[in-house]
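Per-entry structural report
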Amino acid sequence: MSQTDIVSLQKEGKKFKPSAAFIKHAHLKSAAAYKKLHTESIKQPQKFWTRVSKELHWFKPWTKLHEWREPFAKWFIGGQTNVAYNCLDRHLTSWRRNKAAIIFEGEPGDERVLTYTDLHREVCRFANVLKAHGIKAGDRIMIYMPMVPEAAIAMLACARIGATHTVVFGGFSAQSIIDRLQDSQAKMVITADGGYRRGAVVALKRNVDDALKQATGVEHVIVLKRTGTEVAMQEGRDHWWHEETAKVSAVCPAAKLDSEHPLFILYTSGSTGKPKGVLHTTAGYLAGTYLTTKYVFDIKDEDTFWCTADVGWVTGHSYTVYGALANGATTVMYEGAPNWPEPDRFWRIIAKYKVTILYTAPTAIRAFMRWGDQWPKKHDLASLRLLGTVGEPINPEAWLWYHEHIGQKRCPIVDTWWQTETGSIMITTLPGACFTKPGSAGLPFFGIDPAVVNKEGSELPANVGGFLVVRKPWPSIMRTIHGDPERFKRQYFGEIPNVYFTGDGCRRDKDGYFWIVGRIDDVLNVAGHRIGTAEVESALVSNQKVAEAACVGRPDSLKGQALVAFVTLKSGITATPELKEELRAHVGVQIGPIAKPDDIRFTAALPKTRSGKIMRRLLKEIAGGGDVKGDTTTLEDLSVLVQLKADEE
Ligand code: PRX
């Protein structure tokens, strides 16, 4: 896409200021205070980060703040710390030892509260289970679990001994597990007999069994009993969580890890067919998630913080687990669907546990809007004081609905822009210090120096659309793509000279507020989840009947973007509605239900340039139902376009 195609459709509306009541207790109370700290973080990073790092625990203090050998960053060099220690042990020396760390509600309605002491004990026990099975610092472990406290316990146990976790979202398929096992070379899988979703049991262990028929290298599988569903247990390989934890002690010292020790690998979609393993390390990631949670969510000891993201996504890592616990906060985990058994489940949970901060995705907000105002109205939402959104641009209508019906016009909304790769929030408004503009993420967080530039890297004037880049490395930047440093360099530092390239289009307004337009590569944002069109295409062509496939996004009022696949079939295969369903199911098996195309259109040929490149731009225009306005002079065969338009009608 060229820079001139980046047009922000979000128009500027009203500005919203935080109330005096909110400002009174906020960590940061004015635009001047925000500006002062931001300037310091950019101009005097040594001073800024030295102060921040003193709020964390170090076994050995760092000696050099950072090193930048593009594209590789290191932070807090020479230091030794431990993320689990910072999330747990650090709080055991104060009254927080008996504070709720995790409040959990299962989909069937079961509840559990784990205090910091409880959570510490469970993490230590499970860390000993890992050790008992031969896991050492640096080994990779896959976690494929429902949203239950044990998912967080498993993550923290890995962090405690220096094993690198790779959490795979429970909605991904067996094939996705195989790909990630092969890439990460994990030695162990931690899973459950099942998890609850919309009243049904998701067969997690069965998917692991299917994957392990093909993937090699996994020596042990630990299985949590969650649903009581019968599962096959392979002698010698599979072990029950409850049996293993009963055998070990609850004492396990946290390993003293180098600041750059790998903490986790999280797979995310890119513009090629293969998901990339984004690697995050210890101290920089900890500092980033700790500080953003503190300031963006204005966290206080009295808060009950609910980030609704699954731990299978980066938001679940950074805010449900690490950022929240590093701050000694109370974090809420809910296992199931927002509309189970009825569309008021979120509001019921907020009223029941007196949630004060809610962080969720625009796609969920749009779904709530559709389900109707009567559902939140049934519940007392007076405990809420701050709202947040993440994952995609929020349309002002949804923002206003969230403000009025959930925040009851009392709660500031923080729209947080960031990525799996950035580790923590990059652009947002600090709730007590800045005004918000519905539809704009806002201003750079501390230490972040973003800009909107053209292809040559020159900064563009206000309100001109361009590429969003970050000019300086920050502590929680991804360190590399696991096993593929060349791809890391090419994708993030090869596009525009000397800056981190986000892959997003953006404009910055006269107040310096960033307005994200969306992805400019072949990555879609469907219901807040990143889906690479190339992945779906390769899943489609892996079906015997498909000759060629091209996937594009079309605007969708609920999901943000919907996935449309244009498919040509092999000769002799007839296009039928049943085949559409078969192909959708095939993608579900190859990747997971979230990647199933919303629409499949069979076509005799795809529009291509003379050099054979599929012209997705044209497909996008067709999928969106509009006229093909763009330049078609490079199209090899114009009749294809005519045919595609005719197919549509
Ligand atoms: O396009 C941006 C969009 O989501 C992408 C990152 O996706 P992922 O790595 O899955 O992480 C999602 C959760 C952090 C970005 O490149 N995005 C994320 N947050 C926002 C957003 N777009 C606009 N506004 C946001 N607040």
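Structure: above.
Residues numbered from 1 in each chain as written. Predicted model: local features only at pLDDT ≥ 70, side-chain atom pairs only at ≥ 80, totals over all residues. Heavy atoms only, no water.

1. Quick look at the overall build of the protein
Along its length, the protein carries 20 helices and 32 strands. Structurally, the protein occupies a C-alpha span of about 75 × 65 × 55 Å along its principal axes. Burial statistics for the protein: of 649 residues in total, 62% are counted as buried. By element, 52% of the accessible surface of the protein is carried by carbon and sulfur atoms, the whole surface being about 24700 Å². Distance from the positive charge centre (83 side chains) to the negative charge centre (71 side chains) of the protein: 6 Å. (Helix = DSSP H or I, 4+ residues; strand = E, 2+ residues; numbered from the N terminus. Buried < 20%, exposed > 50% of the residue type's maximum accessible area, 1.4 Å probe, protein only. Areas by Shrake-Rupley, 256 points an atom, 1.4 Å probe, with all protein chains shown as cover. Lys, Arg positive; Asp, Glu negative; His and termini not counted. Charge placed at Lys NZ, Arg CZ, Asp CG, Glu CD.)

2. A closer look at the packing of aromatic side chains
What characterises a pair of aromatic rings is the spacing of the ring centres plus the angle enclosed by the ring planes. Going through the model one piece at a time under the given rule, you end up with 39 aromatic pairs. Relative to tyrosine 359, the ring of tyrosine 319 lies with its centre 5.9 Å away and its plane at 85°, an arrangement referred to as edge-to-face. With a gap of 40 residues between them, tyrosine 319 in helix α11 (residues 314–326) and tyrosine 359 in strand β18 (residues 357–360) connect regions that are remote in the sequence. The exposure class of tyrosine 319 is buried, given its relative accessible area of 0%. The structure contains a cluster of three or more aromatic residues connected by ring pairs, namely Tyr34, Phe48, Trp49, Trp58, Trp62, Trp75, Phe76, Tyr295, Phe445 and Phe446. When the ring centre of phenylalanine 172 is taken as reference, the NZ or CZ atom of arginine 180 above it lies at 4.7 Å. Here the guanidinium or amino end of lysine 437 rests over the ring plane of tyrosine 513, the centre of that ring lying 4.8 Å away. (Phe/Tyr/Trp six-rings, centres within 6.5 Å; stacked < 30°, edge-to-face > 60°. Lys NZ or Arg CZ within 6 Å of the ring centre and 35° of its normal.)

3. Comments concerning the layout of surface pockets
Counted as a void, the second largest pocket has a volume near 330 Å³. As for the second largest pocket, its lining consists of 17 residues, of which Tyr34, Lys35, Leu443, Pro444 and Asp511 are closest to the centre. Secondary structure elements with two or more residues in the lining of the second largest pocket: α2 (31–43) and β22 (443–444). In terms of residues, the lining of the second largest pocket owes the most to one element, α2, which gives five residues. Here the lining of the second largest pocket is built from residues that sort into ten nonpolar, two polar and five charged. (1 Å grid on protein atoms, 1.4 Å probe; cavity = no way out; pocket = protein on both sides within 12 Å on 5 of 7 lines; lining within 4 Å. Points joined across faces, edges and corners; volume = space filled by probe spheres on them. Nonpolar A, V, L, I, M, F, W, Y, C, P; charged D, E, K, R; others polar.)

4. Some details on helix α15 (residues 396–406)
The element α15 is largely enclosed, with a buried count of eight among its eleven residues. For α15, every residue scored as buried is listed here: Pro396, Ala398, Trp399, Trp401, Tyr402, His403, His405 and Ile406. Against the buried residues of α15 lie α12 (345–353), β18, α13 (362–371), α14 (374–377), β19 (386–390) and β20 (413–416). Positive backbone phi, approximately 50°, marks glutamine 408, located one or two places after α15. (Contact = heavy atoms within 4.5 Å.)

5. What about the sheet that holds β19?
With respect to topology, seven strands assemble into an open sheet ordered β5-β4-β17-β16-β18-β19-β20, the strand pairing being mixed. Each having just a single partner strand, β5 (111–115) and β20 make up the two edges of the open sheet. Sheet twist, expressed as the average angle between the axes of neighbouring strands with direction ignored, equals 20°. Two elements, β18 and β19, share four bridges in a ladder whose sense is parallel. If you follow leucine 358 over to β19, its bridge partner there is leucine 387. (Pairing = 2+ DSSP bridges. Axes fitted to C-alpha atoms, helices over the stretch in contact; angles between N-to-C directions.)

6. Quick word on the nonpolar core
Core analysis: the largest hydrophobic core is formed by 159 residues, its most contacted members being Ile190 and Phe297. The biggest single contributor to this core is helix α6 (residues 149–161), with ten residues. Setting aside residues up to four positions removed in sequence, isoleucine 190 forms contacts with Phe126, Leu130, Ile141, Met142, Ile143, Tyr144, Met145, Ala154, Ile222 and Trp241. Ile350, Leu358, Trp375 and Ile413 belong to the second largest nonpolar core, which has 28 residues in total. (Core = buried A, V, L, I, M, F, W, Y, C linked by side-chain atoms within 4.5 Å.)

7. Quick notes on the side chain of glutamate 335
Relative to the elements of secondary structure, glutamate 335 occurs in the loop between β17 (330–334) and α12. In this structure glutamate 335 comes out as buried when scored by relative accessible area, which is 5%. Of note is the side chain of glutamate 335, whose polar atom sits 3.1 Å from the backbone nitrogen of tyrosine 196. Setting aside its immediate chain neighbours within four residues, glutamate 335 contacts Phe104, Glu105, Gly106, Glu107, Pro108, Pro146, Met147, Val148, Gly195, Tyr196, Arg197 and Arg226. (Polar contact = N/O pair within 3.5 Å; in protein donor to acceptor, adjacent residues only side chain to side chain.)

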